[in-house]
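# Per-entry structural report
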Amino acid sequence: MTVQTVEYIRYRIPEQQSAQFLAAYTRAARHLAAAPQCVDYELARCEEDFEHFILRITWTSTEDHLEGFRKSELFSDFLAEIRPYVGNIQEMRHYKPTTVRGTGASVPTLYAWAGGAEAFSRLTEVFYDKVLGDDVLAPVFAGLAPEHASHVALWLGEVFGGPPAYSETQGGHGHMVAKHLGKGITEAQRRRWVNLLQDAADEAGLPTDAEFRSAFVAYAEWGTRLAVYFSSPDAAPPAEQPVPKWHWGAAPPYRP
Ligand code: HEM
């Protein structure tokens with residue numbers, strides 16, 4: 001059995017060349033991404049001394065790197081991009097992982113666990129396709145603005161711990177809630193909204209683990225009930241409030 005190996009390449013790049021260096025590596029990285037011998041890679045920059053960079057590449061094995069990638073056309077294309085910096089290399093060696101390894105106790109956000117911005121865009125695209133084909137919800141969403149799905153994706157991403165993209169581009173909680181004023185959403189419509197959101201989560205490939213889905217549905221329940229409340233004829237617009245931040249709740253992510 002071959003054992004993965006980690007190659008570390010340490011560079012010292014003068015500050016004034018660092019922008020070109022990063023641009024060259026951004027281009028070169030395409031050839032790593034296309035290499036079947038490459039498991040993953042990351043170029044990191046030293047926080048304490050900006051001139052130090054470390055490129056970490058995990059290869060399927062040292063032999064695959066030296067006999068496979070190094071002898072392939074991808075390597076020539078990779079090298080062509082970074083050749084000006086070969087003289088700046090301070091170390092370039094392969095390291096075999098030892099048994100000392102593990103993960104810490106940091107808890108990922110629901111946003112990261114779901115798969116980030118891309119996962120929420122997929123979710124709302126699938127969701128609004130369903131909504132527009134649904135007999136109960138289609139009338140509510142007739143004439144929907146084309147950017148609606150992407151705005152809701154930004155909103156959900158922010159609620160679940162992602163960047164504040166909705167509040168920075170659209171508005172805060174009050175702004176979002178106000179979108180529902182006067183809509184007269186019924187319980188049947190609300191319940192269908194929650195059901196279709198879960199169907200869309202399945203189809204869009206969001207994680208299906210119990211911990212994620214229970215937190216996800218908890219927010220859908222809470223948010224839709226607020227939407228119904230504020231959509232009733234006598235509801236007053238809400239005061240401006242921060243965007244709610246949804247967390248895992250009682251059951252943190254399960255990691256065997
Ligand atoms: C967790 C629950 C909900 C969330 C997070 C949510 C989120 C949003 C957001 C972010 C917007 C504004 C989109 C934009 O800025 O373009 C919006 C608008 C809207 N929502 Fe909701 N919503 C929820 C529940 C519901 C429900 C249950 C219904 C109806 C069944 C509904 C109907 C609408 C409609 C019709 C609009 C468009 C308003 C307009 O632009 O005229 N929403 N929603």
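Residues numbered from 1 in each chain as written. Predicted model: local features only at pLDDT ≥ 70, side-chain atom pairs only at ≥ 80, totals over all residues. Heavy atoms only, no water.

### Points about the pairing of strand β1 (residues 5-12)
Of the pairings in the sheet, the one linking β1 to strand β3 (residues 52-59) comprises 8 bridges and is antiparallel in character. What sits directly across from Y11, in β3, is F53. Sheet topology note: the β1/strand β4 (residues 89-95) ladder contains 6 bridges and is antiparallel. Its bridge partner being in β4, Y8 is matched across the sheet by R93. (Pairing = 2+ DSSP bridges. Helix = DSSP H or I, 4+ residues; strand = E, 2+ residues; numbered from the N terminus.)

### With respect to the domain arrangement of the protein
Here the domain parsing of the protein yields domain 1 (5-95) and domain 2 (110-231). Computed over C-alpha atoms, the centres of domain 1 and domain 2 are 41 Å apart. (Domains from an automatic or database assignment.)

### Things to note about helix α1 (residues 18-33)
Given a rise of 1.5 Å per residue, 16 residues ought to cover 22 Å, and the 22 Å separating the end C-alpha atoms of α1 matches this to within 8%. Taking the largest bend as the criterion, α1 deviates by roughly 30°, centred on R27. The complete set of buried residues in α1 reads S18, F21, A24, Y25, A28, A29, H31 and L32. For α1, the elements touching its buried residues are β1, β2 (38-45), β3 and α3 (73-82). (Expected span 1.5 Å × (residues − 1). Bend = angle between axes of the 7 residues up to and from the residue. Buried < 20%, exposed > 50% of the residue type's maximum accessible area, 1.4 Å probe, protein only. Contact = heavy atoms within 4.5 Å.)

### Description of the sheet that holds β3
One open sheet holds the 4 strands; their spatial order is β2-β3-β1-β4, and the pairing between them is antiparallel. Of all the strands in the sheet, the pair left with one neighbour each is β2 and β4. Recorded for the sheet is a direction-independent mean angle of 10° between the axes of neighbouring strands. Along the sheet face, α1 touches β1, β2 and β3 and points at about 170° away from the line of β2. (Axes fitted to C-alpha atoms, helices over the stretch in contact; angles between N-to-C directions.)

### Observations regarding the side chain of T124
Tracing the sequence through the fold places T124 in helix α5 (residues 116-132). The class for T124 is buried, based on a relative accessible area of 1%. Polar side-chain contacts of T124 include one of 2.9 Å to the backbone oxygen of A149. In this structure T124 touches A149, V152, A153 and L156, once residues within four positions along its chain are discounted. (Polar contact = N/O pair within 3.5 Å; in protein donor to acceptor, adjacent residues only side chain to side chain.)

### Quick word on the nonpolar core
Grouped together as the largest cluster of nonpolar side chains are 40 residues, with contacts concentrated most on L123 and F160. Of all the secondary structure elements, the ones that give two or more residues to this core are α4 (110-114), α5, α6 (148-159), α8 (173-178), α9 (187-203) and α10 (210-231). The element contributing the most residues to this core is α5, with 7 residues. Setting aside residues no more than four positions away along its own chain, F160 makes contact with T109, L110, Y111, F120, A215, F216, Y219 and W246. Listed in part, the 20 residues of the second largest apolar core include I9, Y25, W59 and Y85. (Core = buried A, V, L, I, M, F, W, Y, C linked by side-chain atoms within 4.5 Å.)

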